[in-house]
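# A look at the structure
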Amino acid sequence: MQAVEKTIREKLTEFVETDHRNAMPAHNGMRIYDSPLIGFAAADDSMFETLTAPEIFGTQLIRPGEWLSGAKTVISFFLPFTQEVRASNRVKGLPSEEWVSARIDGEAFIRVIQTYLVECFKTLDAGAVAPSLDSRFSTQVPRPGEVKISNWSERHTAHIAGLGTFGLHRALITEKGSAGRFGSVVTTLAISPTERKYSGPFDYCPYLTKGKCGACISRCPAEAIVDGKKDNLRCSAYVDMTKEMFKPRYGCAKCNIAVPCETGIPKI
C-alpha cells in the first residue's frame, strides 16, 4: 500500500498548493495555508477507544468503524497558516481581520479538501467519509457549565495519526507548528499507520514536560491559561465576543502566534 499512500500524499499536497480556493479575495488574494502535514491511523487503533473515557469525550464519541462500515484507515492532515496570515495576528489584543477571515474561509476550504479526498478514495474503489461533514456530526454541552464538545475530534485524530502532541494552550503541536487547522477522512482502504514519534500526549510542550516555557500564557487576551491549565469556558466566551465584532467571522488563537511552537516543535 506504499504506492497508494504516496498517491494520496501527492494528490492532497498538490490540491492545497494549486486550488484557487486556498486564498482570500477580500485580502488581495492572500494565501491561507502552506503545504499540508499528513498522517495515517488504523481505524481500530486502541487510542480511539481511549477517547471514550468520561473525562475525555465519553460515549458520545463516534469511532471510525461507526462512521463507516469496514473502515480500515483514518487520514488526518494539518494545514499550517501562511506566514502572511500569522504575521497579521502577532500584535496582542484583538485578532486581525486577516486572521478571522483565514479561520472561517480556511475552514470552508478544509471542507472542499475533505470532499476531494472522499472522491479520490472512490476512484480507488474504496469507501470514504469525512466525519465532520456527515449528518451525524454534532456538538453538545455534556453537563451544565461546560463547553461544547463534538462526537469527533480533528485534533485528537491527528494525535493518533502521528502528527503531534498537545500543548499548554491545548492546540496540537506538529512538526509544522500549532498555528493551523486540521481535517480528516475515514476510508475502507488499508494504509500503513504513520509512526508516532512520541509516547505521551504532551511530549512536545516544554511547559507540560519541563515547566519551562509558558509563552502562550501572556499571549492569551482572555487570560484563560492559568496555573498550568486552560480555562476553556473563558476562552470560549472570548471567541464568542469576537463573533459580535467580526460578524460573520470570528477567531483568536493568539496563543499559537509569537510562541516557540508557532512553526515547529520547541526544543526541550
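From a predicted model like this one, the values you see are computed outputs, not experimental measurements. (Residues numbered from 1 in each chain as written. Predicted model: local features only at pLDDT ≥ 70, side-chain atom pairs only at ≥ 80, totals over all residues. Heavy atoms only, no water.)

### Some thoughts on the sheet that holds strand S3 (residues 37-42)
Pairing is antiparallel in the open sheet, where four strands are placed in the order S3-S4-S10-S5. The open sheet has two edge strands with one neighbour each: S3 and strand S5 (128-129). As paired strands, S5 and strand S10 (residues 180-187) are joined by two bridges and run antiparallel to one another. Each residue of the ladder has a partner; that of Ala-128, found in S10, is Thr-187. Along the sheet face, helix H1 (residues 2-18) touches S3 and strand S4 (73-80) and points at about 140° away from the line of S3. The sheet contacts of helix H5 (residues 97-123) involve S4, S5 and S10, and relative to S10 the element is tilted by about 20°. (Pairing = 2+ DSSP bridges. Helix = DSSP H or I, 4+ residues; strand = E, 2+ residues; numbered from the N terminus. Contact = heavy atoms within 4.5 Å. Axes fitted to C-alpha atoms, helices over the stretch in contact; angles between N-to-C directions.)

### Let's talk about the pairing of S3
Burial analysis of S3 places six of its six residues in the buried class, the great majority of the element. The two faces of S3 match: Leu-37, Gly-39 and Ala-41 on one face and Ile-38, Phe-40 and Ala-42 on the other face are all buried. Pairing of S3 with S4, which is carried by six bridges, proceeds in the antiparallel orientation. Directly across from Phe-40, in S4, lies its bridge partner Ile-75. (Buried < 20%, exposed > 50% of the residue type's maximum accessible area, 1.4 Å probe, protein only.)

### Description of unusual backbone geometry
A cis amide bond links Lys-247 with the next residue in sequence, Pro-248, at an omega value of 0°. Residue Ala-258 is not a glycine yet carries a positive backbone phi of 60°. Within the fold, Ala-258 resides in the segment after helix H9 (232-245).

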